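Structure at a glance
Spelled out, the chains give:
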Amino acid sequence: MIGTKISEQDLDKVRDIVARDLAKRFSPEEFTFDPIIVKPDLDEDGDEILWIQIIFDGDQNNLDPSWTVGIVGRIYPELEAIPVTAYPMPTFIEKSEWEDPAYDIPWWEEEAE
């Protein structure tokens, strides 16, 4: 992972923005989203991006892809207001997969270790 200029405070704000967006659509009885992991990075062109891993516990069949794909458009205006202009790259990972020791760790986490 390549370091960027996004502060830990701003990364916490990003987590809060993502959590609020999820809470607007899903009740705690349907899904638990914890943790939400936010890692700044640079893409191959040198532009800032934010890897956002959303770990969820709930019935994946109720995680509507047409809604989840729109998360970037919903949160980006709030990110710019912080101001965090790094482009968000969200992924949804089922908690049972994330906790599985055989889970394939994404490449950006392997580099950080």
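See the structure printed just above.
Quick caveat: nothing in here was measured; it's all calculated off a predicted structure.

Here we look at the packing of aromatic side chains
Within the structure shown, the criterion is met by 6 aromatic pairs. Here the aromatic rings of Phe31 and Phe33 are separated by 5.5 Å at their centres, their planes lie at 20 degrees, and the arrangement is stacked. Using a relative accessible area of 18% as the deciding quantity, one classes Phe33 as buried. Plain terms: the ring middles of Phe31 and Phe56 are 5.8 Å apart, the flat faces sit at 70 degrees to each other, and that makes the pair edge-to-face.

Comments concerning the pattern of salt bridges
Under the definition given, this model contains 4 salt bridges. The closest approach of N and O atoms between Arg74 and Asp21, which form a salt bridge, is 3.0 Å. In this pair, Arg74 is assigned in helix 3 (residues 71-81) and Asp21 in helix 1 (residues 8-25), connecting sequence segments 53 residues apart. Classification of Arg74 as partly exposed rests on a relative accessible area of 29%. The exposure class assigned to Asp21 is buried, which follows from its relative accessible area of 6%.

Brief notes about the environment of Arg20
Tracing the chain through its elements places Arg20 in helix 1. Taking the relative accessible area as the measure of exposure, Arg20 reaches 44% and is therefore partly exposed. Separated by 55 residues in the primary sequence, Arg20 and Ile75 have C-alpha atoms spaced 9.4 Å apart. Within the structure, the side chain of Arg20 is placed 2.9 Å from the side chain of Glu78, a separation counted as a polar contact.

Structural notes on helix 1
Along its 18 residues, helix 1 runs 27 Å from first to last C-alpha, staying within 8% of the 26 Å computed at 1.5 Å per residue. Regarding helix 1, the residues found buried are Asp10, Leu11, Val14, Ile17, Val18, Asp21 and Leu22. Buried residues of helix 1 fall within an arc of 130 degrees about the axis and therefore sit on the same side. Within helix 1, the exposed residues directed more than 90 degrees away from the buried face are Glu8, Gln9, Ala23 and Lys24.

Describing the packing of helix 1 against helix 3
Running from amino to carboxyl end, helix 1 crosses helix 3 at an angle of 135 degrees, the nearest separation of the two axes being 10 Å. Looking at the two axes, helix 1 sits oblique to helix 3. In the crossing of helix 1 with helix 3, the sense of the turn from one axis to the other is right-handed. Residues Val14, Ile17, Val18, Arg20, Asp21 and Leu22 of helix 1 form the contact with helix 3, whose participating residues are Ile71, Arg74, Ile75, Glu78 and Leu79. The residue inventory of the contact of helix 1 with helix 3, partitioned by class, reads 7 nonpolar, no polar and 4 charged.

Quick notes on the nonpolar core
In terms of nonpolar packing, the biggest core is built from 24 residues, with Val14, Val18, Leu22, Leu50 and Ile52 touching the most fellow members. Contributing elements (two or more residues each) for this core: helix 1, strand 1 (31-42), strand 2 (48-58) and helix 3. Broken down by element, this core gets its largest block of residues, 5 residues, from helix 1. Those residues within four positions of Val18 in sequence are excluded, and the remaining contacts are Ile36, Ile52, Ile54, Ile71 and Ile75.

What counts and how
- Residues numbered from 1 in each chain as written.
- Predicted model: local features only at pLDDT ≥ 70, side-chain atom pairs only at ≥ 80, totals over all residues.
- Heavy atoms only, no water.
- Phe/Tyr/Trp six-rings, centres within 6.5 Å; stacked < 30°, edge-to-face > 60°.
- Buried < 20%, exposed > 50% of the residue type's maximum accessible area, 1.4 Å probe, protein only.
- Salt bridge = Lys/Arg side-chain N within 4 Å of Asp/Glu carboxyl O.
- Helix = DSSP H or I, 4+ residues; strand = E, 2+ residues; numbered from the N terminus.
- Polar contact = N/O pair within 3.5 Å; in protein donor to acceptor, adjacent residues only side chain to side chain.
- Expected span 1.5 Å × (residues − 1).
- Arc of directions from axis to C-beta.
- Axes fitted to C-alpha atoms, helices over the stretch in contact; angles between N-to-C directions.
- Parallel < 35°, antiparallel > 145°, perpendicular 65-115°, else oblique.
- Left-handed = near helix turned anticlockwise from the far one by under 90°.
- Contact = heavy atoms within 4.5 Å.
- Nonpolar A, V, L, I, M, F, W, Y, C, P; charged D, E, K, R; others polar.
- Core = buried A, V, L, I, M, F, W, Y, C linked by side-chain atoms within 4.5 Å.

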